[in-house]
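Each chain, written out:
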Amino acid sequence: MFMGLLALSGCQTLAPKGLTPAQIVVLKQQGFELTDEGWAFGLSGKVLFGSDVESLNKPSTEIVERIGKALLGVGIERVRVDGHTDASGKETYNQQLSLRRARSVSKVLTRTGMKEENIQLRGLGSSEPVAPNTTKAGRTENRRVSIVVIAD
């Protein structure tokens, strides 16, 4: 009898840890890519800001609203929002500006129904550029916010 119970217990599966296949499909549909830190909203669809601007324009607001609704629709309720700047200006100012950018995205996410306490904010300043800050195009790319979903 013991052997039978042992064999049956080996057939049981634990609840999967992390994201479900359906959640991963939605993340991919929304433009998220798997990174070392989790699923991040891909560079091709990142939310960009003007120089020294912290508020989202209308198209970027609509993108964030779409993402927020899609995430909540599949039960993803926790995200991290990383704000970034180009390397113009002082780093202490850039760090504060990047945090304000992250906060502006967080406000849109909360309007879609995500709870404020489930949104972690980080202001990274110019510490993680995705393009050279030596050109206008590069600086424009570096003024962005990333939305990251971490599977815990």
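Quick note: structure is the one above.
Cut-offs applied
- Within any chain, residue numbers begin from 1 and follow the written order of that chain's sequence.
- At least 70 in pLDDT is required for a residue's local features to be given in this predicted model, at least 80 for side-chain atom pairs to be given and counted, and no such filter applies to totals for whole chains, interfaces and linings, which use all residues.
- Heavy atoms throughout the structure, all of them, feed into the side-chain values; hydrogens and water do not.
- We count a stretch as a helix when DSSP gives it H or I for four or more residues in a row; a strand needs E for two or more, and each element gets its number in order from the N terminus.
- Contacts are residue-level and defined by heavy atoms, with any inter-residue pair within 4.5 Å sufficient.
- Working rule for helices: expected span equals 1.5 Å times residues minus one.
- Salt bridges are identified by distance alone: a Lys or Arg side-chain nitrogen within 4 Å of an Asp or Glu carboxyl oxygen.
- Exposure is judged per residue with a 1.4 Å probe applied to protein chains only, and the accessible area is read against the type maximum: over 50% gives exposed, under 20% gives buried, and values in between give partly exposed.

Let us look at the overall build of the protein. Helices and strands together make up the secondary structure of the protein, namely five helices and six strands. Relative to all contacts within the protein whose residues are 6 or more apart in sequence, the contacts with residues 24 or more apart total 71%.

The first and last C-alpha atoms of helix 4 (residues 91-111) sit 31 Å apart over 21 residues, in line with the 30 Å expected at 1.5 Å per residue. As for helix 4, its buried residues are in contact with helix 3 (58-73), strand 4 (79-83), strand 5 (119-123) and strand 6 (144-149). The positive-phi residue at the C-terminal boundary of helix 4 is Gly 113, with phi of around 120°.

This brings us to unusual backbone geometry. Leaving glycine aside, a negative phi is the common case for residues, and trans is the common case for peptide bonds. Even without being glycine, Asp 52 reaches a positive phi, approximately 60°. With respect to the element layout, Asp 52 can be found in the loop between strand 3 (47-48) and helix 3.

Two side chains bearing opposite charge may form a pair once their charged atoms approach each other closely. Within the structure shown, the criterion is met by seven salt bridges. Two residues, Lys 58 and Glu 62, come together in a salt bridge whose shortest N-O distance is 3.0 Å. Of this pair, Lys 58 and Glu 62 both sit in helix 3, separated by four residues, roughly a single helical turn. On the basis of relative accessible area, Lys 58 is assigned to the exposed category, the value being 61%. For Glu 62, a relative accessible area of 41% translates into the label partly exposed. A cluster of three or more residues bridged by salt bridges with shared partners is formed by Glu 37, Arg 80, Asp 82 and Arg 122.

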